[in-house]
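Topology and contacts: notes
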Amino acid sequence: VQLVESGGGLVQAGGSLRLSCAASGRTFSTYAMGWFRQAPGKERELVAAISWSGGNTYYVDSVKGRFTISRDNAKSTVYLQMNSLKPEDTAVYYCALSYSTMRLMHQYDYWGQGTQVTVSS
């Protein structure tokens, strides 16, 4: 399974970006998807996650009300709509796939290469 992120870039504070993550290769089962981020000098954190059906989602407190995760299983793609961006959202964003729980980073089985998001003040 390969995961490829796109949609990162430079945006001013208050702006929006939409990240996409396309999965390719054989996926043998239903799977959850997550978006993580890692800022310089900080640990990687789970930002948002979504179950296979889309009926269950998770957001870290710092992005609630600003970010929305969604998925299109027919396209094997997950999205992260990011609105009202803040400088503290600056990080490399990674998508990941999990065949088990969607809340635990170590349970994710496949990772993308990451896409840089930079929010200027």
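Read on for an overview of the structure. (Residues numbered from 1 in each chain as written. Predicted model: local features only at pLDDT ≥ 70, side-chain atom pairs only at ≥ 80, totals over all residues. Heavy atoms only, no water.)

**Looking at the pattern of salt bridges**
Under the defined criterion, the tally for this structure stands at 4 salt bridges. With a shortest N-O distance of 2.9 Å, Arg 37 and Asp 89 are connected by a salt bridge. Remark: Asp 89 occurs in the loop between strand 8 (77–82) and strand 9 (91–98) and Arg 37 occurs in strand 4 (residues 32–38); sequence separation between them is 52 residues. A relative accessible area of 7% means that Arg 37 is categorised as buried. Overlapping salt bridges bring together Arg 37, Glu 45, Arg 66 and Asp 89 as one network. (Salt bridge = Lys/Arg side-chain N within 4 Å of Asp/Glu carboxyl O. Helix = DSSP H or I, 4+ residues; strand = E, 2+ residues; numbered from the N terminus. Buried < 20%, exposed > 50% of the residue type's maximum accessible area, 1.4 Å probe, protein only.)

**Regarding the pairing of strand 3 (residues 17–24)**
Where strand 1 (residues 2–6) lies against strand 3, 5 bridges are found, and the strand directions are antiparallel. By the bridge assignment, Gln 2 is partnered in strand 3 with Ser 24. Pairing between strand 3 and strand 8: 6 bridges, direction antiparallel. Bridging from a neighbouring strand, Ser 20 pairs with Tyr 79 of strand 8. (Pairing = 2+ DSSP bridges.)

**What to know about the sheet that holds strand 8**
With antiparallel pairing, the 4 strands of this open sheet are ordered in space as 1-3-8-7. Both edges of this open sheet fall to strand 1 and strand 7 (67–72), since each of them pairs with a single strand only. Neighbouring strand axes in the sheet, compared pairwise and without regard to direction, differ in orientation by 15° on average. Bridge count for strand 7 against strand 8 is 6 bridges, and the pairing is antiparallel. Of the residues in strand 8, the one forming a bridge with Asp 72 is Thr 77. (Axes fitted to C-alpha atoms, helices over the stretch in contact; angles between N-to-C directions.)

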